[in-house]
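Chain and residue survey
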Amino acid sequence: MPFISDTLARVKPSPTIAVTNKARELKASGKDVIGLGAGEPDFDTPDNIKAAAKRAIDEGKTKYTAVDGIPELKEAICRKFARENALTYQPNQITVGTGGKQTLYNALMATLNPGDEVIIPAPYWVSYPDMVLLAGGTPVAVECGIDTNFKLTPAQLEAAITPKTKWFIFNSPSNPTGAGYSRSELKALTDVLMKHPQVWVMSDDMYEHLVFDDFEFVSPAQVEPGLYDRTLTCNGVSKAYAMTGWRIGYAAGPVELIKAMGTIQSQSTSNPCSIAQYAAVEALNGPQDFLAENKKTFQRRRDLVVSMLNQAKGLTCPRPEGAFYVYPDISGCIGKTSAGGATIDSDEAFATALLEETGVAVVFGAAFGLSPNFRVSYATSDEALEEACSRIQRFCAGLK
Ligand SMILES: Cc1ncc(COP(=O)(O)O)c(C=O)c1O
């Protein structure tokens, strides 16, 4: 009898973490590697947030807290939803977990039974399908290609819904494409959902603050109040406040669901780190000017990367509305041979040859459910991005 459970046979380790680790190893062995794989801002956590954490330590706020978040943080989250999203929640509708990842996982664990389907537009954040599988459900990926700028259409959503559909996972701006849905694009999707009362919406708003030009971020329960009672609005401090290592995420929704998620957390990890919770209170209540500065930097980098990648032979790189990713299509490179002699028959082969021959680490598209593409995270310095994009251009020019 195998020792490892059957559940584990259904899931795979995160490919984005694998790429980051491989790039780190190559760098440690002395290779000149530029990592464009990591999904985290390269900025440091702002000083006021760090100071709040130090204060919490000095004041002895180092003990267990309420399982799903301290009251001060839940209140700060309610104020954030009212201020930024015109959504009214009470503290008993809020749950706080160890990163956005844990709140999403808790929600799936708390609701899925075998046979329940979860609609996931592809390309998707790598963890969604595997979390659904871990929770015993069935992921239903719907491919959204470059022709719709990687966005799901109402007709595709309608066609994917069945009597077994329990959740629709919505992520705007998206990891891995950066695509953001406008108010009218989202309203067209919520109109479909209004016809199917068995379907709940899990909105992953993690990149809310990273939107460019005059793009207006909107969330499903805000666009269609009729969905409020079956929407879980998920967010966190990781990306907006450069706090990936602090591990604080949160979600808001109907009390019964929030309670069930708390039960899962109470029997698994208990409360998220007490010190990080006090830091998150400061992130949400403190000065917000840091966000505008960040946005400016990321927008400049997006423009640089999109322009340089579109000059690479065989690549087409749409210009996304947000996040810090681009997702170029590499159809024009498939079937060719690299200067180093590698056959480029898939996006995985492209990413492997790119890393080995030029030292640029990207994540191949198959990991996100849509090929042939690769994901670039531009959360790194302008100099590193310029050098990496020049190497990608040379690599593509060398394909025969
Ligand atoms: C779309 C999306 N949702 C959720 C998360 C998880 O965030 P956290 O680091 O807070 O767990 C990520 C992180 O990469 C993400 O890209």
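The rules we used
Residues numbered from 1 in each chain as written. Predicted model: local features only at pLDDT ≥ 70, side-chain atom pairs only at ≥ 80, totals over all residues. Helix = DSSP H or I, 4+ residues; strand = E, 2+ residues; numbered from the N terminus. Axes fitted to C-alpha atoms, helices over the stretch in contact; angles between N-to-C directions. Parallel < 35°, antiparallel > 145°, perpendicular 65-115°, else oblique. Left-handed = near helix turned anticlockwise from the far one by under 90°. Contact = placed C-beta atoms within 7 Å. Nonpolar A, V, L, I, M, F, W, Y, C, P; charged D, E, K, R; others polar. Domains from an automatic or database assignment. Near = placed C-beta within 6 Å. UniProt positions renumbered as here; feature names shortened; annotations may be inferred. Buried ≥ 20, exposed ≤ 12 C-beta atoms within 10 Å, placed from the backbone. Pairing = 2+ DSSP bridges. Expected span 1.5 Å × (residues − 1).

Quick notes on the environment of A280
- Relative to the assigned elements, A280 resides in helix α11 (residues 274-285).
- Sequence separation of A280 and V237 is 43 residues, and the distance between their C-alpha atoms is 6.8 Å.

Structural notes on the packing of helix α13 (residues 347-358) against helix α14 (residues 382-397)
- Packing of α13 against α14 brings their axes to within 11 Å, and their N-to-C directions diverge by 110 degrees. The angle between α13 and α14 falls in the class roughly perpendicular. For α13 against α14, the interelement crossing comes out right-handed. Mapping the contact onto sequence places L354, E357 and T358 in α13 and R391, I392 and F395 in α14.
- Residue composition of the contact of α13 with α14, by class: 3 nonpolar, 1 polar and 2 charged.

Some remarks on unusual backbone geometry
- The peptide bond linking A122 to P123 adopts the cis configuration, its omega dihedral lying at 5 degrees.
- Tracing the chain through its elements places P123 in the loop between β3 (117-122) and α6 (127-134).
- With an omega dihedral of 25 degrees, the bond running from N175 to P176 counts as a cis peptide bond.
- By the secondary structure assignment, P176 is in the loop between β5 (165-171) and α8 (183-194).
- If you check the backbone angles, R247 has positive phi at about 65 degrees while not being a glycine.
- As for its position among the elements, R247 is in the loop between β7 (231-236) and β8 (249-252).

Some words on the environment of A351
- For A351, the location among the structural elements is in helix α13.
- Separated by 22 residues in sequence, A351 and N373 place their C-alpha atoms 9.4 Å apart.
- The contact partners of A351, leaving out residues within four places of it in the chain, are V362, V363, F364 and F374.

Brief notes about the domain arrangement of the protein
- For the protein, the domain assignment lists domain 1 (6-44 + 290-397) and domain 2 (63-285).
- Measuring from the centre of the C-alpha atoms in domain 1 to the corresponding centre in domain 2 gives 26 Å.
- At the interface, 34 residues of domain 1 touch 32 residues of domain 2.
- If you list the elements that add at least two residues to the side of domain 1 that touches domain 2, you get α1 (6-10), α2 (15-28), α12 (289-310) and β9 (325-326).
- If you tally residues by element for the side of domain 1 that touches domain 2, the top one is α12, at 5 residues.
- Residues belonging to the side of domain 1 that touches domain 2 are distributed by class as follows: 16 nonpolar, 9 polar and 9 charged.

Regarding the site of the ligand
- Close contacts around the ligand come from 13 residues, with G99, G100, K101, N175 and S238 the closest.
- With 3 residues, helix α5 (residues 99-111) is the largest single contributor of residues to the shell around the ligand.
- Residue classes in the shell around the ligand are distributed as 2 nonpolar, 9 polar and 2 charged.

Considering the UniProt feature "domain: Aminotransferase class I/classII large" (unreviewed entry) in the protein
- UniProt feature "domain: Aminotransferase class I/classII large" (unreviewed entry): in the numbering of this structure it lies at residues 31-392.
- For residues 31-392, helix accounts for 39% and strand for 15%, while the C-alpha atoms at its two ends are 17 Å apart.

Things to note about the packing of helix α3 (residues 47-58) against α11
- Running from N to C, α3 and α11 point in directions that differ by 140 degrees, and their axes come no closer than 8 Å. As summarised for this structure, α3 and α11 are arranged oblique, according to the angle between their axes. Classified by chirality, the crossing of α11 by α3 is right-handed. Contacts from N48, I49, A52, A53, A56 and I57 in α3 reach S274, I275, Y278, A279, V281, E282 and A283 in α11.
- The residue inventory of the contact of α3 with α11, partitioned by class, reads 10 nonpolar, 2 polar and 1 charged.

With respect to the pairing of β5
- Within β5, 7 of the 7 residues are buried, which leaves the element mostly enclosed by the surrounding structure.
- Looking at chain direction, β3 and β5 are connected through 3 bridges and run parallel. Opposite E117, over in β5, you have T165 as the bridge partner.
- Relative to strand β6 (residues 200-204), β5 is paired through 5 bridges, and the arrangement is parallel.

Here we look at α6
- For α6, every residue scored as buried is listed here: Y128, P129, M131, V132 and L133.
- One or two residues past the end of α6 sits G136, with phi positive at roughly 90 degrees.

Points about the sheet that holds β8
- With mixed pairing, 7 strands are arranged side by side in an open sheet as β2-β8-β7-β6-β5-β3-β4. Every other strand in the sheet has two partners, leaving β2 (94-97) and β4 (138-143) as the edge strands with one partner each. The average undirected angle you get between the axes of adjacent strands in this sheet is 20 degrees.

Examining α11
- Over its 12 residues, α11 extends 17 Å from the first C-alpha to the last, a length consistent with the 16 Å expected when each residue adds 1.5 Å.
- Taken across its 12 residues, α11 has 9 buried, putting it largely inside the fold.
- Inspection of α11 places A276, Q277, Y278, A279, A280, V281, E282, A283 and L284 among the buried residues, and these make up the whole buried set.
- Elements in contact with the buried residues of α11: α3, α4 (71-85) and β2.

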